[in-house]
Each structure stands twice: as structure tokens, then as C-alpha cells.
Amino acid sequence: MADHQEASVTLPSDPASVPTARRYVADVLGDWGLDGAAEIADSIRLIVSELATNAVQHTFGQSPTFTVDLRLERQERLRIGVTDSHPRWPRRLPAAVQQDNGRGMVIIRVLAAEAGGRLSVTPTQEGGKTVWITLPWTMAPV
């Protein structure tokens, strides 16, 4: 297997693209050796769903597309990034008991931390941002 593998897909910023992003990531990671039935695979699908949903909902129509990037580095580290062109970075919203949203970033951080990973955000040259999740690949059964 190569030292470094990459895959990406750009999708319309539309709610219908969220399951497409999730399936794309599951398929690519399956090709790279991740058991789709593994607990971490469920966590990754949920992380991608939350990141893609944020890219659709919280860009207020100002990002016509979003891109999902996958990078597997030396069979040691998996990086998942979701990029949109909206300049506002994600922030934790107050989660009122009766509120149906505002918890996505908390969920993402917890899932990443439970898997030994972390979340980071980087600006793009075009003025948007990429939200990255970095996970150890060693936790993935191959």
C-alpha cells in the first residue's frame, strides 16, 4: 500500500448531499481496509454527517459546494476534512434543552477524542475554511 493515499469529492451544498458524502467516505475507507461494521466506522460516518450538515446549514447559501477530503498517511493517521467557502468558522452554540441543533461540533469533538483524535480548523486561500478531524489509523482493523 502507498505511503500516502488521498481521495476527495465536491458536492452541492444541499441537504441531499449529506448522505452522499457519508457513503463516499464509507466506500473509500472500505477500499483502504476499514471494516464497515467496526465501531470506529460508525463514528466516522457520524462525524462526516455532522461536518457535511454544518457545511450545508451554517453557510447560509453562501457556499454553493463543499468538499470532503480523505488522507491516509503512512497507515498511521487518517485525516478527514470538510471545506466550504463561507468565512465564518464553526462555533459552539448554546444547546438549550428544547433546541434541535447546536450540538454538532460537540458531538464531533467527543467522537474524535474517544478515538484518540482531534479536531482543527484551517483557513483556505479563497477565504473559507476546512474543518479537519485527525484520527489514528492504527485503531482501524485492517
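Placed above this text is the structure.
## Section: the overall build of the protein
Link 1 in the chain: From N to C terminus, the protein includes three helices and five strands.
Link 2 in the chain: Taken from N to C terminus, the helices and strands of the protein fall in the order β-α-α-β-β-α-β-β.
Link 3 in the chain: Taken over 142 residues, the protein has a buried fraction of 44%.
Link 4 in the chain: Sequence-distant contacts in the protein: of pairs separated by 6 or more residues, those separated by 24 or more amount to 65%.
Link 5 in the chain: For the protein, the computed accessible surface area is about 7600 Å², with 51% contributed by carbon and sulfur atoms.

## Thoughts on the packing of helix α1 (residues 17–31) against helix α2 (residues 39–57)
Each packed pair of helices is defined by two parameters, the angle between the axes and the distance between the axes.
Link 1 in the chain: The interhelical angle for the contact between α1 and α2, taken along N-to-C directions, is 145°, at an axis separation of 9 Å. Seen from above, α1 lies across α2 with right-handed handedness. Here Val18, Ala21, Arg22, Val25, Ala26 and Leu29 of α1 lie close against α2, whose contacting residues are Ile44, Arg45, Val48, Ser49, Ala52, Thr53 and Val56.
Link 2 in the chain: When its residues are assigned to classes, the contact of α1 with α2 shows nine nonpolar, two polar and two charged.

## As for the nonpolar core
Link 1 in the chain: Residues Leu29, Trp32, Ile44, Phe66 and Ile133 are the most contacted members of the largest nonpolar core, which totals 37 residues.
Link 2 in the chain: Elements that contribute at least two residues to this core include exactly β1 (4–12), α1, α2, β2 (65–73), β3 (77–84), α3 (104–114) and β5 (129–136).
Link 3 in the chain: Examining the composition of this core, we find that nine residues originate from one element, α2, more than from any other.
Link 4 in the chain: The contacts of Ile133, once residues within four sequence positions are left out, are Ile47, Leu51, Leu78, Arg79, Ile80, Ile108, Ala112, Arg118 and Leu119.

## Quick word on the pattern of salt bridges
Link 1 in the chain: Counted under the stated rule, the structure contains four salt bridges.
Link 2 in the chain: Between Arg77 and Glu73 there is a salt bridge, with the nearest N and O atoms lying 2.4 Å from each other.
Link 3 in the chain: Glu73 sits in the buried class, given a relative accessible area of 10%.
Link 4 in the chain: As a salt-bridge pair, Arg74 and Glu76 come within 3.6 Å of each other at their nearest N and O atoms.
Link 5 in the chain: Under the relative-accessibility criterion, Arg74 is labelled partly exposed at 49%.

Rules behind the numbers
Residues numbered from 1 in each chain as written. Predicted model: local features only at pLDDT ≥ 70, side-chain atom pairs only at ≥ 80, totals over all residues. Heavy atoms only, no water. Helix = DSSP H or I, 4+ residues; strand = E, 2+ residues; numbered from the N terminus. Buried < 20%, exposed > 50% of the residue type's maximum accessible area, 1.4 Å probe, protein only. Contact = heavy atoms within 4.5 Å. Areas by Shrake-Rupley, 256 points an atom, 1.4 Å probe, with all protein chains shown as cover. Axes fitted to C-alpha atoms, helices over the stretch in contact; angles between N-to-C directions. Left-handed = near helix turned anticlockwise from the far one by under 90°. Nonpolar A, V, L, I, M, F, W, Y, C, P; charged D, E, K, R; others polar. Core = buried A, V, L, I, M, F, W, Y, C linked by side-chain atoms within 4.5 Å. Salt bridge = Lys/Arg side-chain N within 4 Å of Asp/Glu carboxyl O.

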